[in-house]
Amino acid sequence: MSNFYVTTAIPYVNAAPHLGHALELVQADVLARHARSRGRRTRFLTGTDDNALKNVTAARAAGVEVRAFVDTNAARFAALREPLSLSFDDFIRTSADVRHTTGVARLWRECAAAGDFYRHTYQGLYCPGCEQFWAPAELAGGLCPEHLTAPEPVAEENWFFRLSRYREPILELLESGRLRIEPAARRNEVLAFVRAGLTDFSVSRPAARAGGWGIPVPGDPDQVVYVWWDALTNYVTALGYGSDDPAYRSWWEGPGERAHVIGKGIVRFHAVYWPALLLSAGLPLPTSILVHDYLSADGAKLSKSAGNTIDPFELAARYGADAVRWWLLREPARVGDTDFTVDRLVRRSDVDLANGLGNLVNRTLALAWKHRAGRVPEGVPTGALGAACDRLPALVDRALHDFDFRAATEAIWAVVDEGNRFVEAERPWDPAAADRLDAVLGALITACRLVATELAPFLPDGAARLHARLLTGDRVARPSPAFPRLGADGLAGADRLSGPGGGPGTPAGR
């Protein structure tokens, strides 16, 4: 099967990570794990954007040397791997990785050779939070639409890239679907932006303004490469672009899908600017841009700059990776922002994992041990349960192709719900059902095993526990809770996200 190369955006390290970063990492992780489970050769990249001016500003405000400040915060992002059960294959740091510096210089030289750079004095409205110039017409009430702050007037002489040259090729990419953007609402926004005309944009900053922090422009050490040019390039520099690394040829030039998982605020950079740079340099393009909306708390977008954050480390330590991942995959809307509360996380985990799936598996194991000494009888799901099982793999495949995690998890839960209905309808604990007990138990164990297999990309830890209970030779394991019930203990800590974690509960069952 063809390659699957999936990347996240690389966040600024001006502060510690928040739950919005966890959302993107978990989404990309599911895509990578699912592709591996289907036999696809897969590579999952994430990392940090170290060279932003806002990192320099934050370090100065903290009274810390920039290198030490950036190193500390970058390490926090890398450390999300264990608490969130992530499976990334590579983690790139733009200020510390030689691969990156080499590749940025190479891409700059290729675009220069294409005649796409020129020097230009520019005066405009600059948002430090976005690291972006905004046109006055794009500002709502004079405020940046992302950060709701007034951009600063800035005048600079920088290098500019001829983006206007690439309007028609980019329009063709988007209209033809050769560059796929999901969901369709985000694709339509990008199309409207491109059809309105593209203007050239600045791709460097004065080195003095950046405090010497960043990658020098080749042949012009008084300028550093603009952070967005620098950051976008990580998708190929991590593969060794700029050197003779076979990884670049395999994963970027070779056949397969090249997917970027990003937030809605940076679609323009990935769907317009990045393809233009690649076209200029004569390089292959990404194939998919998969866009998520934002998480909020009390209606306000989670933001490091605004100080409105939820700590994913604390959340996972208190409630577990399964509960955090499950909320991030089951609750957020495909289009539209989603408000987070601990109450919602706890209720979703208890209803779905402890009571729904946990109850189904536990009552199945209890019946197997009570009536068959734990042995697994032969049997396959039939009726509504069988139909749901038959549909499940293809439904998950389709939903993840469409970047629809709600639909994927709903497909899995259709089998769980049918399994619980099947138990209630068949009443295998009733002596009158003795003649069909083997068929019922066999069907239930087969359905539970399928759920555990399809659930593995979403909840790798929980699925592993289910497999250990359901796949033990010719016998199943004795019943024990696979998922803790978080309950009132979890709700009691909703406001502070600290203190002892909730204790495990025992799902009810016959």
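Residues numbered from 1 in each chain as written. Predicted model: local features only at pLDDT ≥ 70, side-chain atom pairs only at ≥ 80, totals over all residues. Heavy atoms only, no water.

Draft legend 1. Focus on the overall build of the protein chain. Assigned secondary structure in the protein chain consists of 18 helices and 16 strands. By the compact-globule yardstick of 24 Å for 510 residues, the protein chain fits well, its C-alpha radius of gyration being 25 Å. Principal-axis analysis of the C-alpha atoms places the extent of the protein chain at approximately 85 × 45 × 40 Å. The buried share among the 510 residues of the protein chain stands at 55%. Considering only contacts within the protein chain whose residues lie at least 6 apart along the sequence, 77% involve residues at least 24 apart. Surface summary for the protein chain: the accessible area is close to 19,700 Å², and the carbon and sulfur share equals 53%. (Helix = DSSP H or I, 4+ residues; strand = E, 2+ residues; numbered from the N terminus. Rg over C-alpha atoms; globule rule 2.2 N^0.38 Å. Buried < 20%, exposed > 50% of the residue type's maximum accessible area, 1.4 Å probe, protein only. Contact = heavy atoms within 4.5 Å. Areas by Shrake-Rupley, 256 points an atom, 1.4 Å probe, with all protein chains shown as cover.)

Draft legend 2. Representation of the side chain of S202 within the structure. Residue position: S202 is located in strand β8 (residues 201–202). The exposure class of S202 is buried, given its relative accessible area of 6%. Among the polar contacts listed, one links the side chain of S202 to the side chain of N158, at a separation of 3.2 Å. Among the polar contacts made by the side chain of S202, one reaches the main-chain carbonyl oxygen of S204 at a distance of 3.1 Å. Non-local contacts of S202, meaning those with residues more than four positions away in its chain, are made with N158, W159, F160 and Y226. (Polar contact = N/O pair within 3.5 Å; in protein donor to acceptor, adjacent residues only side chain to side chain.)

Draft legend 3. Representation of the confidence of the model for the protein chain. In the predicted model, the protein chain carries a mean pLDDT of 90, and 93% of its residues have values of at least 70. Across residues 490–510, where pLDDT falls below 50, the model places 50 contacts with residues more than four positions away in sequence or in other chains. (pLDDT = per-residue confidence, 0-100.)

Draft legend 4. A look at the sheet that holds β8. If you trace the four strands from one edge of the open sheet to the other, you get β5-β4-β6-β8, paired in antiparallel fashion. The open sheet has two free edges, formed respectively by β5 (132–134) and β8, since each of these has just one partner strand. In the sheet, strand β4 (residues 117–127) pairs with strand β6 (residues 152–161) via ten bridges, with the strands oriented antiparallel. Considered in β6, the bridge of Y118 is made with F160. (Pairing = 2+ DSSP bridges.)

Draft legend 5. Local environment of the sheet that holds strand β16 (residues 338–339). Pairing in this open sheet of three strands is mixed, and the strands run β15-β14-β16 from one edge to the other. Only two strands of the sheet have a single partner each, and these edge strands are β15 (300–301) and β16. When strand β14 (residues 295–297) meets β15, the two strands line up antiparallel, connected through two bridges. Bridging across to β15, S296 finds its partner in K301.

Draft legend 6. Expanded view of helix α2 (residues 53–62). Restricting attention to buried positions, one finds in α2 the residues L53, K54, N55, V56, A58 and A59. Buried residues along α2 sit in contact with α3 (66–78). G63 sits one or two residues past α2 and shows a positive phi near 70 degrees.

Draft legend 7. Structural detail: the pairing of β4. Here β4 pairs with β5 via three bridges, running antiparallel. Opposite Y126, over in β5, you have F133 as the bridge partner.

Draft legend 8. The arrangement of empty space enclosed by the protein in detail. In this structure the tally under the stated criterion is three cavities of 30 Å³ or more. In this structure, the second largest cavity occupies an estimated 150 Å³ of space. If you trace the second largest cavity, you find 17 residues lining it, with Q27, P332, A333, R334 and F405 closest to the centre. Of all the secondary-structure elements, those providing two or more residues to the lining of the second largest cavity are α1 (19–37), β13 (288–292), α12 (321–330) and α15 (405–426). Looking at the lining of the second largest cavity, its residues break down into ten nonpolar, three polar and four charged. (1 Å grid on protein atoms, 1.4 Å probe; cavity = no way out; pocket = protein on both sides within 12 Å on 5 of 7 lines; lining within 4 Å. Points joined across faces, edges and corners; volume = space filled by probe spheres on them. Nonpolar A, V, L, I, M, F, W, Y, C, P; charged D, E, K, R; others polar.)

Draft legend 9. Inspection of the nonpolar core at higher detail. L345 and F458 are the most contacted members of the largest nonpolar core, which totals 76 residues. Broken down by element, this core gets its largest block of residues, ten residues, from α1. With sequence-adjacent residues up to four places away left out, F458 is seen in contact with V30, R325, W326, L329, V396, L400, A408, T409 and I412. (Core = buried A, V, L, I, M, F, W, Y, C linked by side-chain atoms within 4.5 Å.)

Draft legend 10. Local environment of unusual backbone geometry. The peptide bond linking E182 to P183 adopts the cis configuration, its omega dihedral lying at -5 degrees. Within the secondary structure, P183 is located in the loop between β7 (180–182) and α6 (184–195). Phi angles above zero are rare outside glycine, and A373 is one such case at about 55 degrees. Within the secondary structure, A373 sits in the loop between α13 (342–372) and α14 (383–401). Overall, A373 belongs to the partly exposed group, its relative accessible area being 32%. Phi angles above zero are rare outside glycine, and F403 is one such case at about 60 degrees. Along the chain, the position of F403 falls in the loop between α14 and α15. Exposure remark for F403: the relative accessible area of 4% places this residue in the buried category.

Draft legend 11. Seen up close, the pattern of salt bridges. Enumeration according to the criterion identifies 39 salt bridges in this entry. Of the charged contacts, one joins E172 and R178 as a salt bridge, the two residues approaching to 2.6 Å between their closest N and O atoms. Judged by relative accessible area, which is 52%, R178 ranks as exposed. (Salt bridge = Lys/Arg side-chain N within 4 Å of Asp/Glu carboxyl O.)

Draft legend 12. Broad picture of the environment of F44. Mapped onto the elements of the fold, F44 is located in strand β2 (residues 42–48). When the C-alpha positions of F44 and T8 are compared, they lie 8.4 Å apart, and in sequence the two are 36 residues distant. The contact partners of F44, leaving out residues within four places of it in the chain, are V6, T8, L25, A28, D29, A32, R36, S87, F88, D89 and D90.

Draft legend 13. Main features of the packing of α1 against α12. Remark: α1 packs on α12, axes separated minimally by 10 Å, with the N-to-C direction vectors making an angle of 85 degrees. When the axis of α1 is compared with that of α12, the two are roughly perpendicular. Together, L19, A22, L23, V26, Q27, D29, V30 and R33 of α1 and V324, R325, L328 and L329 of α12 make up the contact between the two elements. Split by residue class, the contact of α1 with α12 holds eight nonpolar, one polar and three charged. (Axes fitted to C-alpha atoms, helices over the stretch in contact; angles between N-to-C directions. Parallel < 35°, antiparallel > 145°, perpendicular 65-115°, else oblique.)

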